[in-house]
Amino acid sequence: MKAAVIGTGFMGAVHGQAIQSNGIELLGFAGSSLQKADSLASTFRGAKGFTSIDALLDAQPDVLHVCTPNSTHLQFAKAAIDRGISVIVEKPLATNVEDAQALLEMSASAKVTAVPFVYRYHAMVLELRKRIAENTENNLWLLHGSYLQDWLAASMTTNWRSNSAAGGPTRAFGDIGVHWFDLMEFVTGHRVTKLNALMAKVHKTDTEDGALVTFETDKGAVGSAVISQASAGRSNRLWFSFDGTQESYSFDQENPETGWVGTLGDNKIVRRDPNAQTGLAVRSNSLPAGHPQGYQTCFNDFVSDVYSTHAGAPKSEVMPTFADGLRGAQLADAVLQSVKSKGWVEVGNMPAMVNGK
Ligand SMILES: NC(=O)c1ccc[n+]([C@@H]2O[C@H](COP(=O)([O-])OP(=O)(O)OC[C@H]3O[C@@H](n4cnc5c(N)ncnc54)[C@H](O)[C@@H]3O)[C@@H](O)[C@H]2O)c1
């Protein structure tokens, strides 16, 4: 199978590695200039630079990977889907609900459409998810955590994300808050029904540096999440604690080799270990215990799922799709509406499936 990537920045390179680590032919990259595309392509064996999205699609990839600024996702995804090409679109799927909904509807004419909410693929995340599902007597009632970064903490740092025309109307929530909420809903099986949000800016930018969100779920839990891109010392700290009356479960993305299970007796540190884990977590253990794996491994497994589905295998329940991307857009929209109205907002329900996808 053949892959093509549009976007030559951080994500373009991560996708390139995931493609080649799965033994998929990487045709090459297109970016905002041929020089950038050539430069990234030169770091991958056999890959070349392309001048435009059309030139890239003319090379007939099985899957297009869209790794460009958020406001461009719709046009590039549509160009691929119009040719019947499967597509991975980076999160956030789109910068508003309408565009995300349109992409979900278009997805009916592509074999696979996926959005890399890749934290789902940490072996420890899958292990905790399994324990939560199995402990049916546990009343999981308090779902809380944070996703904190510091790369936009310095006042002089600029990035396309800080410009709402390129990044969308929410930055911290739209960029990383959607990851936290995707992970929370995926791991617990709860869905947020209503939320109340506050946003804060520490710099003079278009969009928020941080957001605080309290919420209720369809299974009667309450929760809160703190999101920030300006918290010194927090590089990429996605952390959660899902607390129940019998057991509580905690995970820190910066230390993904272990998880924490709290009980009313002894607490346990669970370590990633292919010999100790069962179920979906087994596949995500690509290395023996004590040999740390992490973010790139998650991407490799995600890309493996996308290409297997493209080749006709049944869709893995872990693989996030455009429906999950739309869910992120609905949550982001509810957060923006809540900030505007200074009150609680109902979150849009999932739309009907489109042609079974
Ligand atoms: N899933 C994840 O964990 C994760 C992590 C980081 C970023 N992302 C997402 O990936 C996407 C890219 O983010 P990034 O961090 O790689 O950004 P980046 O700034 O590092 O790279 C963006 C690239 O897009 C190219 N580009 C910009 N406009 C273009 C256009 N009109 N046509 C073609 N190329 C264009 C730029 O030249 C650049 O190479 C974003 O949507 C972001 O939200 C996802």
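The present account deals with the structure reproduced in this document. (Residues numbered from 1 in each chain as written. Predicted model: local features only at pLDDT ≥ 70, side-chain atom pairs only at ≥ 80, totals over all residues. Heavy atoms only, no water.)

1. Overview of helix α2 (residues 34–41)
Owing to its 3.6 residues per turn, the α-helix aligns residues three or four sequence positions apart on the same side. Within α2 the residues assigned to the buried category are A37, L40 and A41. Relative to the axis of α2, the buried residues are bounded by an arc of 100° and lie together on one face. The inward-facing, buried residues of α2 abut α1 (10–21), β2 (25–30) and β3 (48–50). (Buried < 20%, exposed > 50% of the residue type's maximum accessible area, 1.4 Å probe, protein only. Helix = DSSP H or I, 4+ residues; strand = E, 2+ residues; numbered from the N terminus. Arc of directions from axis to C-beta. Contact = heavy atoms within 4.5 Å.)

2. A closer look at the pairing of strand β5 (residues 86–89)
Burial along β5 is two-sided: S86 and I88 facing one way and V87 and V89 facing the other are all buried. Following the backbone out of strand β4 (residues 63–66), through helix α4 (residues 73–82) and into the adjacent parallel β5, one traces a crossover that is right-handed. In the sheet, β5 pairs with strand β6 (residues 113–114) via two bridges, with the strands oriented parallel. Along β6, the bridge assignment pairs V87 with T113. What joins β5 to β6 is helix α5 (residues 97–106), and the crossover it makes is right-handed. (Right-handed = clockwise from strand over helix to strand, strands pointing away. Pairing = 2+ DSSP bridges.)

3. Focus: the sheet that holds strand β9 (residues 210–217)
The nine strands are arranged β14-β13-β12-β11-β7-β10-β9-β8-β15 in an open sheet whose pairing can be described as mixed. Either end of the sheet is taken by a strand with one partner, and the two such strands are β14 (268–271) and β15 (345–346). Here strand β8 (residues 192–200) runs beside β15; their pairing, made up of two bridges, is antiparallel. Each bridged residue has a counterpart across the sheet, and for L195 the counterpart in β15 is V345. Sheet strands touched by helix α6 (residues 123–134): β7 (140–148), β11 (237–244), β12 (247–252), β13 (258–263) and β14. Its angle to β12, the strand with the most contacts, is close to 165°. (Axes fitted to C-alpha atoms, helices over the stretch in contact; angles between N-to-C directions.)

4. Things to note about the packing of aromatic side chains
Evaluated as defined, the whole model comprises 14 aromatic pairs. Where W180 meets F242, the ring centres are 6.3 Å apart and the plane angle is 70°; that geometry is what we call edge-to-face. A residue pair is termed long-range when its members are at least 10 positions apart, and W180 in helix α8 (residues 172–188) and F242 in strand β11 qualify at 62 residues. Judged by relative accessible area, which is 1%, W180 ranks as buried. On the basis of relative accessible area, F242 is assigned to the buried category, the value being 0%. Among the aromatic residues, those joined into a cluster by ring pairs are F10, Y119, Y121, Y147, Y295, F299 and F302. (Phe/Tyr/Trp six-rings, centres within 6.5 Å; stacked < 30°, edge-to-face > 60°.)

5. Re the sheet that holds β4
The strand order across the open sheet formed by six strands is β3-β2-β1-β4-β5-β6, and the pairing between neighbours is parallel. Every interior strand has two partners, whereas the edge strands, β3 and β6, have only one. Packing against the sheet, α2 makes contact with β2 and β3, and its axis sits at approximately 160° to β3.

6. Focus: α5
Those residues of α5 lying buried are A100, L103 and L104. The arc enclosing the buried residues of α5, seen along the axis, measures out at 100°, which places them on a common side. Residues of α5 that are buried in the fold lie against α4 and α10 (322–341). Near the N-terminus of α5, the side chain that reaches the backbone nitrogen of E98, with its oxygen 3.2 Å away, is that of N96. (Polar contact = N/O pair within 3.5 Å; in protein donor to acceptor, adjacent residues only side chain to side chain.)

7. Points about the side chain of R272
With respect to the helices, strands and loops of the structure, R272 is situated in the loop between β14 and α9 (295–310). Residue R272 is classed as buried on the basis of its relative accessible area, which comes to 2%. Here N285 takes part through its side chain, which lies 2.7 Å from a polar atom of the side chain of R272. Within polar-contact distance, the side chain of R272 engages the backbone oxygen of L287 at 2.8 Å. Contact partners of R272, with chain neighbours within four places excluded, come to A123, M124, E257, Q277, N285, L287, P288, A289, G290, H291 and Q293.

8. Observations regarding the site of the ligand
Residues in close proximity to the ligand total 25 residues, the closest being T8, S32, N70, K91 and Y295. One of the side-chain N or O atoms of N70 is found 2.7 Å from an oxygen atom in the ligand. Contact with the protein chains removes 83% of the 850 Å² of surface that the ligand exposes when unbound. Elements represented by at least two residues in the shell around the ligand include exactly α1, α4, α8 and α9. Classifying every residue of the shell around the ligand gives eleven nonpolar, nine polar and five charged. Each of domain 1 (2–118) and domain 2 (120–293 + 329–334) accounts for three or more of the residues forming the shell around the ligand. (Near = heavy atom within 4 Å. Areas by Shrake-Rupley, 256 points an atom, 1.4 Å probe, with all protein chains shown as cover. Nonpolar A, V, L, I, M, F, W, Y, C, P; charged D, E, K, R; others polar. Domains from an automatic or database assignment.)

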